[in-house]
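Geometric and topological summary
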Amino acid sequence: MGSEFIRTRIAMLVSAAIDSRMSCRAFLDTRIPKATLVAILEVAKRAPSGGNLQPWRVDVLTGEPLAKFVAIIRDKLRAQPTGEGSEYNVYPPNLHDPYRSRRYKCGEDLYATIAIDRADKAARVRQFALNYQFFGAPVALFFSVDRRMGVDQWADVGMFMQNVMLLAREHGLHTCAQEAWAVWYKTVGEYLQLPADHMLFCGMALGYRDESAPINTLRTDRAALQEFATLRGFED
Ligand SMILES: Cc1cc2nc3c(=O)[nH]c(=O)nc-3n(C[C@H](O)[C@H](O)[C@H](O)COP(=O)(O)O)c2cc1C
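Note that the coordinates shown come from a computational prediction; the quantities given were computed from them, not determined experimentally.

1. Here's the deal with the pattern of salt bridges
Under the defined criterion, the tally for this structure stands at 13 salt bridges. Salt bridges sharing common partners tie together Lys105, Asp109 and Asp221.

Shown next, in the form of structure tokens:
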């Protein structure tokens, strides 16, 4: 870990990093130094994994390689607005409640921040398509996993990703995890030259949050503790 990182880092409680993390959907184009990414990934790699398999792979783009990639996708989107299909289900088919309602509410709340009406499908599609520009972020990350790995290792990749998102907060940065990239898995795989035995899981935008962007005012709900936790055997 370089001395520059130690000097400039903003010490942050884990709780504060968790609390201040949100999915940022408008970024400043301020360049992020390589040292920052290296520092984040060096610490993030301490994520736990079953059997210490460390089953994650991450490819990071910025500058010219990122601009070229975004341009390729922009062209492809014109011909294939819904992408290339995906290698896994981003959501289970026939999503049921309470998950279905949560997903719906999250979308409603998101579009409300930018005054897009429920009926305005075209505006929603335009907003969603900003995923494919990484919401203007100067850094893009792609997380992939060996195809032979199972659900347990996918969970490990999730823990690694969460570390990246929390460490970004420590550096004053924000992120947005982006499974939207699943529908461009072929193009992503070709561009990154992912080994054939690897499968794209998720993209991630990273950079400084645009504090003036209304979309970044969204703070999503969470279910009450009683809805997901059962505590037994405690004194009080
Ligand atoms: C694995 C994963 C994939 C996601 N994919 C997208 C995406 O493609 N586009 C997007 O705008 N948000 C995406 N999100 C953000 C979620 O919508 C967001 O985490 C959720 O609504 C909770 O809001 P918060 O992150 O602001 O707390 C993703 C989040 C996760 C964890």
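2. What to know about unusual backbone geometry
Residue Pro98 follows Asp97 across a cis peptide bond; omega there is 10°. Unlike most non-glycine residues, Gln54 shows phi in positive territory, near 50°. Residue placement: Gln54 occurs in the loop between α3 (34-44) and β1 (57-62). Exposure remark for Gln54: the relative accessible area of 38% places this residue in the partly exposed category. Despite not being glycine, Phe134 shows a phi value in the positive range, around 55°. Topologically, Phe134 is positioned in the loop between α6 (121-129) and β2 (139-146).

3. Focus: the site of the ligand
The environment of the ligand is formed by 15 residues, the closest being Ser23, Arg25, Glu179, Ala180 and Arg222. Measuring from an oxygen atom of the ligand, one finds a side-chain N or O atom of Thr220 at 2.9 Å. Here Arg222 contributes a side-chain N or O atom positioned 2.8 Å from an oxygen atom of the ligand. When the free accessible area of the ligand is taken as 620 Å², the share hidden by the protein chains comes to 72%. Residue contributions to the shell around the ligand peak at 3 residues, all from strand β3 (residues 174-178). In terms of residue class, the shell around the ligand is made up of 7 nonpolar, 4 polar and 4 charged.

4. Thoughts on the pairing of β3
Counting buried positions along β3 yields 4 of 5 residues, so the element is predominantly enclosed. With 5 bridges joining them, β3 and strand β4 (residues 198-207) adopt antiparallel strand pairing. Bridged to Cys176 within β4 is Ala205.

5. With respect to the packing of helix α4 (residues 63-79) against helix α8 (residues 185-192)
In the contact formed by α4 and α8, the axes pass within 11 Å of each other and the chain directions differ by 150°. One element, α4, and the other, α8, form an angle in the roughly antiparallel class. In the crossing of α4 with α8, the sense of the turn from one axis to the other is right-handed. From α4, Pro65, Lys68, Phe69, Ile72, Ile73 and Lys76 reach across to α8, where they touch Thr187, Val188 and Tyr191. Grouping the constituent residues of the contact of α4 with α8 by class yields 6 nonpolar, 1 polar and 2 charged.

6. As for the pairing of β4
The buried fraction of β4 is high, at 10 of 10 residues. Pairing of β2 with β4 involves 8 bridges; the strand directions are antiparallel. Considered in β4, the bridge of Val145 is made with Met199.

Conventions used here
Residues numbered from 1 in each chain as written. Predicted model: local features only at pLDDT ≥ 70, side-chain atom pairs only at ≥ 80, totals over all residues. Heavy atoms only, no water. Salt bridge = Lys/Arg side-chain N within 4 Å of Asp/Glu carboxyl O. Helix = DSSP H or I, 4+ residues; strand = E, 2+ residues; numbered from the N terminus. Buried < 20%, exposed > 50% of the residue type's maximum accessible area, 1.4 Å probe, protein only. Near = heavy atom within 4 Å. Polar contact = N/O pair within 3.5 Å; in protein donor to acceptor, adjacent residues only side chain to side chain. Areas by Shrake-Rupley, 256 points an atom, 1.4 Å probe, with all protein chains shown as cover. Nonpolar A, V, L, I, M, F, W, Y, C, P; charged D, E, K, R; others polar. Pairing = 2+ DSSP bridges. Axes fitted to C-alpha atoms, helices over the stretch in contact; angles between N-to-C directions. Parallel < 35°, antiparallel > 145°, perpendicular 65-115°, else oblique. Left-handed = near helix turned anticlockwise from the far one by under 90°. Contact = heavy atoms within 4.5 Å.

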